Amino acid sequence: MHLILIPGFWLDGASWRDVTPALEGAGHRVRALTLPGLDPADADRATVRLRDHVAAVVAAVDEADGPVVLVGHSAGGAIAHAAADARPGRVARVVHVDAVPSGDGDALTDRLPVVDGMIPLPDWSAFGEESLRDLDDELRAAFRAQAVPLPAAVAYDPQVLTDERRYDVPATVITCEYPAAQLREWIDEGHPYVAELAAVRDVDYVDLPTGHWPQFTRPAELAQAILAAVDRR
């Protein structure tokens with residue numbers, strides 16, 4: 001199976017470095033993407049928009065030989081969902097890593113401060129304790145050293161979805177900051193945060209208790225959770 005790994009805000013393909021060996025060792029072909037504007041050497045990074053990130057993932061799907069599994073961390077889950085909307089017949093499953101899909105018209109976030117058209121990684125005090133669990137001082141330093149300011153339009157542009165066949169693409173949600181039971185409770189309550197997820201017809205949930213960046217804090221366990229999700233296809 002082709003696995004396409006999509007990083008969240010501020011991260012590039014190298015952020016999956018501790019996860020990919022186990023996936024490749026299981027016989028899968030793995031491609032960890034660095035999305036447009038997340039390479040510091042890219043020119044005109046501030047002009048990159050959400051549609052450019054989606055287009056990059058769709059291009060990776062088109063380049064793969066056969067069906068793919070999209071693995072999206074954080075906001076990368078929303079981008080994976082948009083790519084499944086664009087290519088519902090090619091995506092075998094979407095794995096959301098501490099993420100849920102965004103609905104049509106929704107921004108990926110509307111609360112991060114913008115500096116000169118970019119969103120730098122905020123101070124750690126901007127994150128809740130549940131997000132930072134297991135992210136010790138060494139991991140925080142390594143994360144900040146590799147973090148790349150995000151083009152603001154990626155976060156603030158509205159999601160564009162057009163094909164309801166996206167709801168037929170199976171999904172797995174790996175929950176880290178809060179248990180899967182909390183997600184199910186929000187779905188039962190009709191919470192808008194999970195409205196798009198609630199419309200997906202086939203969803204599995206996996207608890208991986210840690211902070212928001214399990215690729216750093218629990219990479220081996222994350223790899224095993226991804227492999228289990230792939231086996232459900």
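Please refer to the structure placed before this passage.
Report follows, based on the coordinates. Predicted model only: the values in this text are computed from it and were never measured.

## What to know about the overall build of the protein
No. 1: A count of helices and strands for the protein gives 10 helices and eight strands.
No. 2: Expected size for 233 residues packed as a compact globule is a radius of gyration near 17 Å; at 16 Å, the protein falls within 12% of this value.
No. 3: Projected onto its principal axes, the C-alpha positions of the protein cover 40 × 40 × 35 Å.
No. 4: Here the protein, with 233 residues, has 55% of them falling under the buried criterion.
No. 5: Restricting to contacts in the protein with at least 6 residues of sequence separation, those with at least 24 account for 78%.
No. 6: By element, 47% of the accessible surface of the protein is carried by carbon and sulfur atoms, the whole surface being about 10,000 Å².
No. 7: Distance from the positive charge centre (20 side chains) to the negative charge centre (37 side chains) of the protein: 5 Å.

## A word on the pairing of strand β4 (residues 91-97)
No. 1: Counting buried positions along β4 yields six of seven residues, so the element is predominantly enclosed.
No. 2: Strand direction decides the pairing type here: strand β3 (residues 68-73) and β4, joined by six bridges, are parallel. The partner of V71 across the bridge, within β4, is V95.
No. 3: Here β4 runs beside strand β7 (residues 171-175); their pairing, made up of four bridges, is parallel. Bridge pairing in β7 places V94 opposite A171.

## Overview of the nonpolar core
No. 1: Grouped together as the largest cluster of nonpolar side chains are 46 residues, with contacts concentrated most on I6, F9, W10, L70 and F143.
No. 2: Put simply, the parts of the chain that give this core at least two residues each are β1 (2-6), α2 (50-63), β3, α3 (75-86), β4 and α6 (152-156).
No. 3: When residues of this core are assigned to their parent elements, the largest contribution, seven residues, is made by α3.
No. 4: Residues within four places of W10 in sequence aside, it is in contact with L38, L112, I119, P120, L121, P122, F127, Q146, A147, V148, P149 and L150.

## Quick word on the pairing of β3
No. 1: Counting buried residues along β3, six of its six residues qualify, which places the element largely inside the surrounding structure.
No. 2: Both faces of β3 are covered, namely the face carrying V68, L70 and G72 and the face carrying V69, V71 and H73.
No. 3: Of the strand pairs in this sheet, β1 and β3 are connected by five bridges, and their pairing is parallel. Residue pairing in the sheet places L5 in a bridge with V71 of β3.
No. 4: Assessed by its sense of winding, the connection that carries the chain from β3 through α3 to β4 is right-handed.

Thresholds, definitions, all that
- Numbering of residues starts from 1 in each chain and follows the order in which that chain's sequence is written.
- This being a predicted model, a pLDDT of at least 70 is required before a residue's local features are given, and a value of 80 or more before pairs of side-chain atoms are given or counted; all residues contribute to the totals for chains, interfaces and linings.
- Note: side-chain values were computed over all heavy atoms of the structure, leaving out hydrogens and water.
- To qualify as a helix, a DSSP run of H or I must reach at least 4 residues; to qualify as a strand, a run of E must reach at least 2; elements of each kind are numbered from the N terminus.
- Here the radius of gyration uses the C-alpha set of atoms, whereas the globule reference equals 2.2 Å times the residue count to the power 0.38.
- Using a 1.4 Å probe on the protein chains alone, a residue whose accessible area is under 20% of its type maximum counts as buried, one over 50% counts as exposed, and one in between counts as partly exposed.
- Working rule for contacts: check all heavy atoms of both residues, and any pair within 4.5 Å makes them a contact.
- Per-residue accessibility takes into account occlusion by the displayed protein chains alone, with areas from the Shrake-Rupley method and a 1.4 Å probe.
- Charge assignment in this entry is limited to Lys and Arg as positive and Asp and Glu as negative, and neither His nor the chain termini are counted.
- In plain terms, the charge of a residue is placed at NZ if it is Lys, CZ if Arg, CG if Asp and CD if Glu.
- For two strands to be treated as a pair, DSSP must find no fewer than two bridges joining them.
- Residue types Ala, Val, Leu, Ile, Met, Phe, Trp, Tyr and Cys, when buried and joined through side-chain atoms within 4.5 Å, form a set referred to as a nonpolar core.
- A clockwise course of the path from the first strand over the helix to the second, judged with the strands pointing away from the viewer, identifies a crossover as right-handed.

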